[in-house]
Amino acid sequence: MGTEVQVLVLDGSDHHLHWARAEVERCEQRWSRFRLTSDVSRLSERAGDWVPVAEETIDLLRAVVRAQEATAGAFDPLLGAHLASLGYDRTFDAVDGNGAGAEVPPTIAAGVGAIEIQDAARLARIPTGTILDLGGIGKGWTADRLVRMLVAHGAAGACANLGGDLAVAGQAPDLAGWVVDVEPADGAVPSGLLALRSGGLATSTTQRRRWLGPAGDRRHHLLDPRSGSPCEGPLVEVTVVAPSAASAEVLTKVAFVAPDRFENALRDAAAAAVCTFADGTVVPGGDRALWPALADEGNDAG
């Protein structure tokens, strides 16, 4: 998943944390596009063919298809070939920041195809010529699964943070909820605290996972499905609170790809957001009741 993972349990045991560590590794083995034996890599290698996959992969792919439909394609996990062509063709730590990728980013036609699933046979298929990338939603879905299972197996409460895709469940250690520090990527806007009682949170930004193309052009990992190129615009970071970390992760992509539909998408998902723009402007969105913000040295978290 190319990130640090933090798991906290309330009234739990070392057993809970050992299980969580093993579960994250198991999900990584299933869904990493950088592991040749993963379900994701096998689906991409055999694009166009039906491929047997794990039951958890079927569950995640179902969530992916629902997200594609709900966002009218603004969320698209079939852009792995474009990420690779742009230079993000290996784990990000290994990406060469000085001239990685093709000189001219590729372009694609809209609607290249859909992910297909045969539930009973545990088979899946992606369109020919595509590469599956479940990086973001995979982290959110894993965070949701971790906290749900930890509470089901005896922990009073749990919080899982996978590189900013964060989920909480059960009892919180603070009366206000799980207190989360939302720190902007570039530090230009003061960080703020919010209290999350249930559900999930995700942040996407163009200020991280950036590299230079051969011509010195700046590239990042948030792609527009209509062009296959990095999203452009004044928005540089968005944080979403939603009923799950996976849905929050999906909504952050809508903010960059289809900003005109973002507010409606938040409302439909019973979610809320804070958007940060290049000029430092911070704009809240969605259901303000979902933001029980705490004061952080006089700064409202929004």
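Residues numbered from 1 in each chain as written. Predicted model: local features only at pLDDT ≥ 70, side-chain atom pairs only at ≥ 80, totals over all residues. Heavy atoms only, no water.

### As for the overall build of the chain
Along the chain, the regular secondary structure elements total seven helices and 16 strands. Excluding contacts between residues fewer than 6 apart, the proportion of contacts in the chain whose partners are at least 24 apart in sequence is 62%. With the model as given, the accessible surface of the chain reaches about 14,100 Å², and the carbon-plus-sulfur share is 50%. (Helix = DSSP H or I, 4+ residues; strand = E, 2+ residues; numbered from the N terminus. Contact = heavy atoms within 4.5 Å. Areas by Shrake-Rupley, 256 points an atom, 1.4 Å probe, with all protein chains shown as cover.)

### A closer look at the packing of helix α6 (residues 245–257) against helix α7 (residues 259–268)
To characterise two packed helices, one gives the angle between the axes of the helices and the distance between these axes. Packing of α6 against α7 brings their axes to within 6 Å, and their N-to-C directions diverge by 150 degrees. Taken together, α6 and α7 sit at an angle that is classed as roughly antiparallel. With respect to the hand of their crossing, α6 and α7 are arranged in left-handed fashion. Residues L251, V254, A255, F256 and V257 of α6 touch α7, and the partners they reach there are P259, R261, F262, A265 and L266. Taken together, the residues of the contact of α6 with α7 break down into nine nonpolar, no polar and one charged. (Axes fitted to C-alpha atoms, helices over the stretch in contact; angles between N-to-C directions. Parallel < 35°, antiparallel > 145°, perpendicular 65-115°, else oblique. Left-handed = near helix turned anticlockwise from the far one by under 90°. Nonpolar A, V, L, I, M, F, W, Y, C, P; charged D, E, K, R; others polar.)

### Structural notes on the nonpolar core
For soluble globular proteins, nonpolar side chains are generally found buried alongside one another. Core analysis: the biggest nonpolar cluster contains 25 residues, and I115, L132, L134 and I137 have the highest contact counts within it. At the level of elements, α1 (14–31), α2 (39–45), α3 (55–70), α5 (135–152) and α6 are the ones that each hand at least two residues to this core. By residue number, the principal contributor to this core is α3, which donates seven residues. Apart from residues lying up to four places away in sequence, I115 is in contact with L61, V64, V65, Q68, P77, L78, R125, I126 and L132. Grouped together as the second largest cluster of nonpolar side chains are 19 residues, A202, V238, V240 and L266 included. (Core = buried A, V, L, I, M, F, W, Y, C linked by side-chain atoms within 4.5 Å. Buried < 20%, exposed > 50% of the residue type's maximum accessible area, 1.4 Å probe, protein only.)

### Some remarks on α3
The end-to-end C-alpha distance of α3, which contains 16 residues, comes to 23 Å, matching closely the 22 Å that a straight helix rising 1.5 Å per residue would cover. Buried within α3 are the following residues: E56, T57, I58, L60, L61, A63, V64, V65, A67 and Q68. Residues of α3 that are buried make contact with α1, α2, β3 (116–118), β4 (123–125), α5 and α6. Backbone geometry just downstream of α3 places A72 in the positive-phi region, at approximately 55 degrees. (Expected span 1.5 Å × (residues − 1).)

### Section: the sheet that holds β3
Whenever strands of a sheet pair, they do so through backbone hydrogen bonds, lying parallel or antiparallel. Strand order in the open sheet made by the three strands is β2-β4-β3, with antiparallel pairing throughout. Of all strands in the sheet, those with a lone pairing partner are β2 (51–52) and β3, marking the two edges. For β2 and β4, the ladder comprises two bridges, and the chain directions are antiparallel. Residue V51 lies in a different strand from β4, and its bridge partner there is A124. (Pairing = 2+ DSSP bridges.)

### So, the environment of I115
Here I115 is to be found in the loop between α4 (80–86) and β3. Each C-alpha atom of the pair I115 and G48 lies 9.8 Å from the other, and the pair is 67 residues apart in sequence.

### Looking at unusual backbone geometry
Leaving glycine aside, a negative phi is the common case for residues, and trans is the common case for peptide bonds. Phi is positive for D11, which is not a glycine, with a value near 55 degrees. One can find D11 in the loop between β1 (5–10) and α1. D11 sits in the exposed class, given a relative accessible area of 59%. Phi at A270 takes a positive value of approximately 55 degrees, unusual for a residue other than glycine. With respect to the element layout, A270 can be found in the loop between α7 and β13 (272–277).

### Section: the confidence of the model for the chain
Here the chain averages 79 in pLDDT, while 72% of its residues score no lower than 70. Between residues 101–105, whose pLDDT stays under 50, and residues either more than four places distant or in other chains, the model counts 15 contacts. (pLDDT = per-residue confidence, 0-100.)

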